[in-house]
Amino acid sequence: MNKRHLLQSFLAASALCFGVGAAQAQTPIKFQLDWRFEGPAALFLHPAAKGYFKAAGLDVTIDAGNGSGGTVTRVASGAYEMGFADLAALMEFHANNPDSPNKPVAVMMVYNNTPASVMALKKSGITKPADLAGKKLGAPVFDAGRRAFPIFAKANNIGAVQWTAMDPTLRETMLMRGDIDAITGFTFTSLLNLEARGAKASDVVVLPYPDYGVKLYGNVIIASPKLIKENPAAVKKFLSAFAKGAKEVIANPAVAIESVKARDGIIDSKLETRRLQLAIDTVINSPDAKAEGFGTVNAGRLALMASQVSDAFNTKSRVNPDAVWNGTMLPSAAELNILKK
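Residues numbered from 1 in each chain as written. Predicted model: local features only at pLDDT ≥ 70, side-chain atom pairs only at ≥ 80, totals over all residues. Heavy atoms only, no water.

Looking only at helices and strands, the protein chain has 16 helices and 10 strands in total. Computed over C-alpha atoms, the radius of gyration of the protein chain comes to 22 Å, within 12% of the 20 Å expected from 2.2 N^0.38 for 341 residues, which places it in the range of a compact globule. Counting only C-alpha atoms and orienting by the principal axes, one finds that the protein chain spans roughly 90 × 45 × 35 Å. A total of 341 residues make up the protein chain; the buried ones form 51% of that total. (Helix = DSSP H or I, 4+ residues; strand = E, 2+ residues; numbered from the N terminus. Rg over C-alpha atoms; globule rule 2.2 N^0.38 Å. Buried < 20%, exposed > 50% of the residue type's maximum accessible area, 1.4 Å probe, protein only.)

Encoded structure:
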């Protein structure tokens, strides 16, 4: 073999080794969503589809979820490194599992306001929170709005109500049939589900928790303490790539929905674009989010929520707000400047 061939062989081998090394440099992160591949999932699926996570040196796998409680548990178990979950569900896990060695931690605020609301049909005569006293309300037992209803009830002096539990797929159907008087749920989920079952938006009364004295935070990105301890740089890279993608999602929801359609071909793109836009308008690009800044929390508001969750959920121990939140890996202020003015 002559010198030229030797050099070519060396360069080829070097390139192969470099390629293997580059592949190995990708940090694997399994990410669990809070729910199915619907409109709001574009916040994560879009940056993944655009290659932003990969460009940051991360090999991110995104799976659909079946509720925030399950997401928190799966991250705590080590099955997932990161996830998207309701902050109240995370707080409850912390307070009910004080000795757990792997309690997930919130690292970025996404839904600055809880999406929870009470919804009823106008024909029920319910127009304000006080009208709910003595009524039959329905929601799955794990529903965030149902879990936090005692906070909503206390803030609005609502008398006793009766609860009916059901599978999530039956919630809106039972309201339409008249089996129950009202439901709790995420506004951008249940309102559109009611429309899909024949209700007109004008026929539905929506009582959003944030509009009636309940300033709970909503969904956050969570990470396992193991990942935070061993590779905080990976968490920061994930959040930076997410913020870059989220800015594009907020600017153009219709285009971002294509990433959701790619993961679940049977979704109604038009419907899911509306769902995503509703989520952006009500809980992501909200006045509170603009005032506090995207991604961050207000310490006083966080502490109040911790106290309210401790009382409403009757937790084994009090929620420690300092234990559930870690904002040290947030991207720069410039990177977090993603909300529309």
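Take the pairing of strand β1 (residues 27–32) next. Summarising the sheet, β1 and strand β2 (residues 58–63) pair through 6 bridges and their orientation is parallel. The residue bridging Ile-29 from the neighbouring strand is Val-60, located in β2. Judged from the 2 bridges that link them, β1 and strand β3 (residues 82–86) form a sheet pairing that is parallel. Considered in β3, the bridge of Phe-31 is made with Met-82. (Pairing = 2+ DSSP bridges.)

Turning to the pattern of salt bridges, a few remarks are in order. On inspection of all chains with the given rule, the structure shows 13 salt bridges. Between Lys-226 and Glu-230 there is a salt bridge whose closest N-O contact spans 3.2 Å. Here Lys-226 and its partner Glu-230 are both found in helix α10 (residues 225–230), 4 residues apart, which amounts to about one turn of the helix. Residues Arg-275 and Glu-272 are paired through a salt bridge, measuring 2.7 Å at the closest nitrogen-oxygen approach. Taken as a pair, Arg-275 and Glu-272 lie in helix α13 (residues 269–284) at a separation of 3 residues, close to a single helical turn. Residue classification places Glu-272 among the buried positions, given a relative accessible area of 5%. One network of salt bridges, in which partners are shared, links Arg-36, Glu-38, Glu-272 and Arg-275. (Salt bridge = Lys/Arg side-chain N within 4 Å of Asp/Glu carboxyl O.)

The biggest cluster of nonpolar side chains holds 98 residues, and the ones touching the most others in it are Leu-132, Ile-221, Phe-238 and Phe-242. Ranked by residues supplied to this core, first place goes to helix α11 (residues 232–251) with 9 residues. Within the second largest apolar cluster, 11 residues are counted, among which are Leu-121, Leu-175, Ile-180 and Leu-194. (Core = buried A, V, L, I, M, F, W, Y, C linked by side-chain atoms within 4.5 Å.)

For the rest of this paragraph, the subject is the sheet that holds strand β7 (residues 162–164). Reading across the sheet, the 5 strands line up as β7-β6-β8-β5-β9 and stay open at both edges, with mixed pairing between neighbours. Sheet topology places β7 and β9 (204–208) at the edges, where each strand pairs with a single neighbour. With strand direction ignored, the average angle separating the axes of adjacent strands in the sheet is 30 degrees. Direction of pairing for strand β5 (residues 116–121) relative to β9: antiparallel, over a ladder of 5 bridges. The residue bridging Ala-120 from the neighbouring strand is Val-205, located in β9. Seen against the sheet, helix α9 (residues 187–196) touches β5, β8 (182–186) and β9 and runs at an angle of roughly 125 degrees to β8. (Axes fitted to C-alpha atoms, helices over the stretch in contact; angles between N-to-C directions. Contact = heavy atoms within 4.5 Å.)

A positive phi angle is found at Asn-157, which is not glycine, with a value near 50 degrees. For Asn-157, the location among the structural elements is in the loop between α7 (149–155) and β7. Here Asn-314, not a glycine, exhibits a phi torsion of approximately 50 degrees, which is positive. On the basis of relative accessibility, which here comes to 66%, the residue Asn-314 falls in the exposed class.

Attention shifts here to the environment of Ala-155. Along the polypeptide, Ala-155 turns up in helix α7. Each C-alpha atom, one on Ala-155 and one on Asn-285, is 24 Å from the other, the two residues being 130 residues apart in sequence. Setting aside its immediate chain neighbours within four residues, Ala-155 contacts Tyr-212, Gly-213 and Val-214.

A few words now on the confidence of the model for the protein chain. On average, residues of the protein chain carry a pLDDT of 93, and 93% of them reach 70 or more. In the predicted structure, residues 14–23 sits below a pLDDT of 50 and forms 0 contacts with residues beyond four places in sequence or in another chain. (pLDDT = per-residue confidence, 0-100.)

Judged by pairing direction, the sheet is mixed, and its 5 strands sit side by side in the order β2-β1-β3-β10-β4 without closing on themselves. Of all strands in the sheet, those bounded by a partner on one side alone are β2 and β4 (105–109). For this sheet, the mean inter-axis angle between neighbouring strands, taken without regard to orientation, is 30 degrees. This element, helix α2 (residues 42–49), spans β1, β2, β3 and β10 (219–223) of the sheet and lies at about 140 degrees to β2.

This part covers α2. Counted residue by residue, α2 has 6 buried out of 8 residues, so it is predominantly covered. Within α2 the residues assigned to the buried category are Ala-42, Leu-43, Phe-44, Leu-45, His-46 and Pro-47. Positive backbone phi, approximately 85 degrees, marks Gly-51, located one or two places after α2.

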